[in-house]
Amino acid sequence: MAECVAPASLRRARLALPVTAFVPGLAPASGSALRRPGPMAPQRRAATKAPESNGAAERRNRSSTKKDRSPREVQRLWQRPWLRTAGLGAGLVLTTLLLWSNLGAEDGVTEVLARRGEVVAGRFIEVPCSEDYDSHRRFEGCTPRKCGRGVTDVVITREEAEQIRSIAEKGLSLGGSDGGASILDLHSGALSVGKHFVNLYRYFGDKIQNIFSEEDFQLYREVRQKVQLTIAEAFGISASSLHLTKPTFFSRINSTEARTAHDEYWHAHVDKVTYGSFDYTSLLYLSDYLEDFGGGRFVFMEEGANKTVEPRAGRVSFFTSGSENLHRVEKVHWGTRYAITIAFSCNPDHGIEDPAFP
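Residues numbered from 1 in each chain as written. Predicted model: local features only at pLDDT ≥ 70, side-chain atom pairs only at ≥ 80, totals over all residues. Heavy atoms only, no water.

*Asks:* A description of the overall build of the protein should follow, citing residues and the corresponding values.
*Replies:* For the protein, the count of helices and strands is six helices and 16 strands. Of the accessible surface of the protein, which amounts to about 20900 Å², a share of 54% is contributed by carbon and sulfur atoms. (Helix = DSSP H or I, 4+ residues; strand = E, 2+ residues; numbered from the N terminus. Areas by Shrake-Rupley, 256 points an atom, 1.4 Å probe, with all protein chains shown as cover.)

*Asks:* Give me the nonpolar core: which residues, what numbers.
*Replies:* With 40 residues, the main nonpolar core has Ile231, Leu242, Phe250, Tyr280 and Phe344 as its most contacted residues. When residues of this core are traced back to their parent elements, those giving at least two are helix 3 (158-172), helix 4 (200-204), helix 5 (214-235), strand 8 (243-253), strand 9 (280-285), strand 13 (316-320) and strand 16 (337-345). One finds Leu283, Phe293, Phe298 and Val329 within the second-largest nonpolar core, a separate group that totals 19 residues. (Core = buried A, V, L, I, M, F, W, Y, C linked by side-chain atoms within 4.5 Å. Buried < 20%, exposed > 50% of the residue type's maximum accessible area, 1.4 Å probe, protein only.)

*Asks:* Can you lay out the environment of Asp132 for me, pointing to particular residues and giving the numbers?
*Replies:* Inspection of the secondary structure puts Asp132 in the loop between strand 2 (123-127) and strand 3 (147-152). For Asp132, a relative accessible area of 17% puts it in the buried group. With 189 residues separating them in the primary sequence, Asp132 and Ser321 have C-alpha atoms 9.0 Å apart. Apart from the residues within four sequence positions on either side, Asp132 is in contact with Val270, Lys272, Val273, Gly322 and Ser323. Within polar-contact distance, the side chain of Asp132 engages the side chain of Ser130 at 3.2 Å. At 2.5 Å, the side chain of Asp132 and the side chain of Ser323 are in polar contact. (Contact = heavy atoms within 4.5 Å. Polar contact = N/O pair within 3.5 Å; in protein donor to acceptor, adjacent residues only side chain to side chain.)

*Asks:* Before we move on, can you summarise the packing of aromatic side chains with the specific residues and values?
*Replies:* Counted under the stated rule, the structure contains 13 aromatic pairs. Look at Phe300 and Phe319: their rings are 5.4 Å apart centre to centre, the planes differ by 90°, and that puts the pair in the edge-to-face class. In this pair, Phe300 is assigned in strand 11 (residues 298-300) and Phe319 in strand 13, connecting sequence segments 19 residues apart. Taken together, Phe124, Phe235, Tyr280 and Phe318 form an aromatic cluster joined through their ring pairs. Here the basic side chain of Arg149 rests over the ring of Phe300, its NZ or CZ set 4.4 Å away from the ring centre. Against the face of Trp266 rests Lys331, its NZ or CZ located 4.4 Å from the ring centre. (Phe/Tyr/Trp six-rings, centres within 6.5 Å; stacked < 30°, edge-to-face > 60°. Lys NZ or Arg CZ within 6 Å of the ring centre and 35° of its normal.)

*Asks:* Go over the state of the cysteines, please, and point to the residues and values.
*Replies:* Within this structure, the stated rule accounts for two disulfides. Taken in sequence order, the bonded cysteines of the protein link in the pattern 1-3, 2-4. (Disulfide = S-S within 2.5 Å.)

*Asks:* Report on the pattern of salt bridges, specifying residues and quantitative values.
*Replies:* As enumerated under the stated definition, the model contains 18 salt bridges in all. One salt bridge connects Arg165 with Glu169, and the closest N-O pair in it is separated by 3.0 Å. Note that Arg165 and Glu169 are positioned in helix 3 at a spacing of four residues, about one turn of the helix. On the basis of relative accessible area, Glu169 is assigned to the partly exposed category, the value being 32%. Residues Arg297 and Glu330 are paired through a salt bridge, measuring 2.7 Å at the closest nitrogen-oxygen approach. Note that Arg297 is positioned in the loop between strand 10 (293-295) and strand 11 and Glu330 in the loop between strand 14 (327-329) and strand 15 (332-335), a separation of 33 residues in sequence. Among the residues examined, Arg297 registers a relative accessible area of 14% and is labelled buried. Through salt bridges with shared partners, one network takes in Glu111, Arg149, Glu302 and Lys307. (Salt bridge = Lys/Arg side-chain N within 4 Å of Asp/Glu carboxyl O.)

*Asks:* Before we move on, could you go through the confidence of the model for the protein and cite the residues and values that matter?
*Replies:* For the protein, mean pLDDT is 81; residues scoring 70 or higher make up 70% of the total. Considering only residues more than four positions removed or in separate chains, one finds that residues 6-51, a stretch of pLDDT under 50, has 19 contacts. This stretch, residues 93-106, has a pLDDT under 50; its non-local contacts, to residues over four places away or in other chains, come to one contact. (pLDDT = per-residue confidence, 0-100.)

*Asks:* Tell me about the side chain of Ser282, residues and numbers included.
*Replies:* Tracing the sequence through the fold places Ser282 in strand 9. Those residues within four positions of Ser282 in sequence are excluded, and the remaining contacts are Val227, Ile231, Ser317, Phe318, Ile340, Thr341, Ile342 and Phe344.

*Asks:* How would you explain the packing of helix 3 against helix 5 if you had to name every residue and give the values?
*Replies:* The relative placement of two packed helices comes down to the angle between their axes together with the axis-to-axis distance. With their axes 10 Å apart at the nearest point, helix 3 and helix 5 run at an angle of 125° to one another. By the angle between their directions, the pair helix 3 and helix 5 is classed as oblique. Seen from above, helix 3 lies across helix 5 with left-handed handedness. On the side of helix 3, the interface is formed by Glu160, Gln163, Ile164, Ile167 and Lys170, while helix 5 contributes Asp216, Leu219, Tyr220, Val223 and Lys226. (Axes fitted to C-alpha atoms, helices over the stretch in contact; angles between N-to-C directions. Parallel < 35°, antiparallel > 145°, perpendicular 65-115°, else oblique. Left-handed = near helix turned anticlockwise from the far one by under 90°.)

Now the structure itself:
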């Protein structure tokens, strides 16, 4: 699926050295009974050593003194503030470079399609379409013949994103997954609660009217319409040929350990394969990468040249749903990441209505 909960079908000496202790007065462990000592062998007198000259003795004493003082001199040098600071700084730089190198190698991210700090007026990359659409009914003028991925920061304002996020926060306050990924689907009513899902409309009944407002649902519809128009314009199709489809949902992701397969959002997947109804997928980010959370970037997976999108509140990322846009989400390491997945189908039989205030 697009962002949050991938389906269960997609988941899946120390060397010890022997030590022999010797205690005076005891025989070695491998020895036999004590033997009576025999006669002592005659001892040879050591040869008399010739006296050394005064100069040689002085040189020997100087060398010995220098060796003895060397560790103390090194310690005094290390205690100098500037030298200690330089050494620690070099170590920190080396550690940072190694960590950055390892992270890059692990994710294979070689290009940032959209950075969090930039405002993207409109960026689109066209890619060849996969054959995924051939196994489904085609709708001329809508089924993708032009495939690709795009990013824009000028369709939804940051103020609108903040208001939409408040809807997610209010709804998810009623439940939430025991694991790191929670979803709220205002269309079907699906809400993560512990290790399961409940229908929030049936489960909470009239209390829902004290949680949401008519204005919340009106804003939700307006945002959906703006995203739909953006996709239609980018791919050169009529907006009326696109039908909102399920699942369309809010996601809240944090660093809590996964408890069920639904919490394992980080697996690579293809939306068209997971949900046959998907033809176009979009994501509206509701929080900021490196400000609200760490990790959690969106990665388009390509051999040797992955592309990543850094979430930014109000940023819309959209793409055709086939294998040409295999993707994954990095694990969130800290903080909380909010987004909403909005999907569209060309088949009117797969269309769903906008949610209505109960």
